[in-house]
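Geometric and topological summary
Chain by chain, the residues run as shown.
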Amino acid sequence: MADITNNFSIADYRVESYTSSSSSSSTADRFENLKVEDFLKLMIAELQNQDPLNPMENTDMLNQINQMRQIVSNDKLATSLDAIMLGQSVATASNLIGKTVTGTDELGNTVSGVVDRVVFENGSPKVYVGNKSLDIGNITEIVPTAVSEPKTDTE
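Everything numeric in this text was worked out from a predicted model, so none of it was measured.

1. A short note on the packing of helix α4 (residues 36-48) against helix α5 (residues 58-95)
Contact geometry of α4 with α5 gives a least axis separation of 10 Å together with a crossing angle of 170 degrees. Between α4 and α5, the angle falls in the class roughly antiparallel. Of the residues in α5, those in contact with V36, F39, L40, M43, E46 and L47 of α4 are M61, Q64, Q67, M68, I71, V72 and D75. Along the lines of polarity and charge, the residues of the contact of α4 with α5 split into 9 nonpolar, 2 polar and 2 charged.

2. Thoughts on the sheet that holds strand β6 (residues 139-143)
Spatially, β2-β1-β6 is the arrangement adopted by the 3 strands of the open sheet, whose pairing is antiparallel. With one partner strand each, in any of the chains shown, β2 (110-114) and β6 form the two edges of the open sheet. Taking the axes of each pair of neighbouring strands and ignoring which way they run, one obtains an average angle of 10 degrees across the sheet. Direction of pairing for strand β1 (residues 100-104) relative to β2: antiparallel, over a ladder of 5 bridges.

3. Some details on the packing of aromatic side chains
In this structure the tally under the stated criterion is 0 aromatic pairs. Between the NZ or CZ atom of R117 and the centre of the ring of Y128, over which it lies, the distance is 4.0 Å.

4. Section: the environment of G113
Looking at the secondary structure, you find G113 in strand β2. As for G113 and K132, which are separated by 19 residues in sequence, their C-alpha atoms are 9.7 Å apart. Beyond its immediate stretch of four places on either side in the chain, G113 contacts K99, T100, V101 and V129.

5. A few points about the side chain of D105
Here D105 is to be found in the loop between β1 and β2. The buried charged residue D105 lacks any salt bridge partner; its closest oppositely charged side chain belongs to K132, at an N-O distance of 5.1 Å. Setting aside residues up to four positions removed in sequence, D105 forms contacts with V111, S133 and L134.

Definitions and limits used
Residues numbered from 1 in each chain as written. Predicted model: local features only at pLDDT ≥ 70, side-chain atom pairs only at ≥ 80, totals over all residues. Heavy atoms only, no water. Axes fitted to C-alpha atoms, helices over the stretch in contact; angles between N-to-C directions. Helix = DSSP H or I, 4+ residues; strand = E, 2+ residues; numbered from the N terminus. Parallel < 35°, antiparallel > 145°, perpendicular 65-115°, else oblique. Contact = heavy atoms within 4.5 Å. Nonpolar A, V, L, I, M, F, W, Y, C, P; charged D, E, K, R; others polar. Pairing = 2+ DSSP bridges. Phe/Tyr/Trp six-rings, centres within 6.5 Å; stacked < 30°, edge-to-face > 60°. Lys NZ or Arg CZ within 6 Å of the ring centre and 35° of its normal. Buried < 20%, exposed > 50% of the residue type's maximum accessible area, 1.4 Å probe, protein only. Lys, Arg positive; Asp, Glu negative; His and termini not counted. Salt bridge = Lys/Arg side-chain N within 4 Å of Asp/Glu carboxyl O.

See the structure below:
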């Protein structure tokens, strides 16, 4: 069992810190910091250090391996979904350039005008109408900007 604590610091993730009735933001942050790799190290250490006189049943081992696969699969799925959401945000924001939008800024003021640029701040797109920024989620109306008819040579 000493190998488990050498490979994986159990002291950093004590069970009682997660089950205490006074849940604080630091406890939640510590739980969020537990990565898939940490869990896999713990599972592998458990398999390596099992009692040779009382080995784990094959079904138990298969269940744990299946759990590891599910955790890795869920982690990959979450990463993929984050990338898809970022791509969707980029597409949505870039399609607003040149359109007239109405929405509220961070101070709650109504802003209306033509979107001239998009900036990503903290992983989230913001559209700019002049020097005022709007979060995509705060836009309440999108109107195509009127396009003037091109002049022909006969006019």
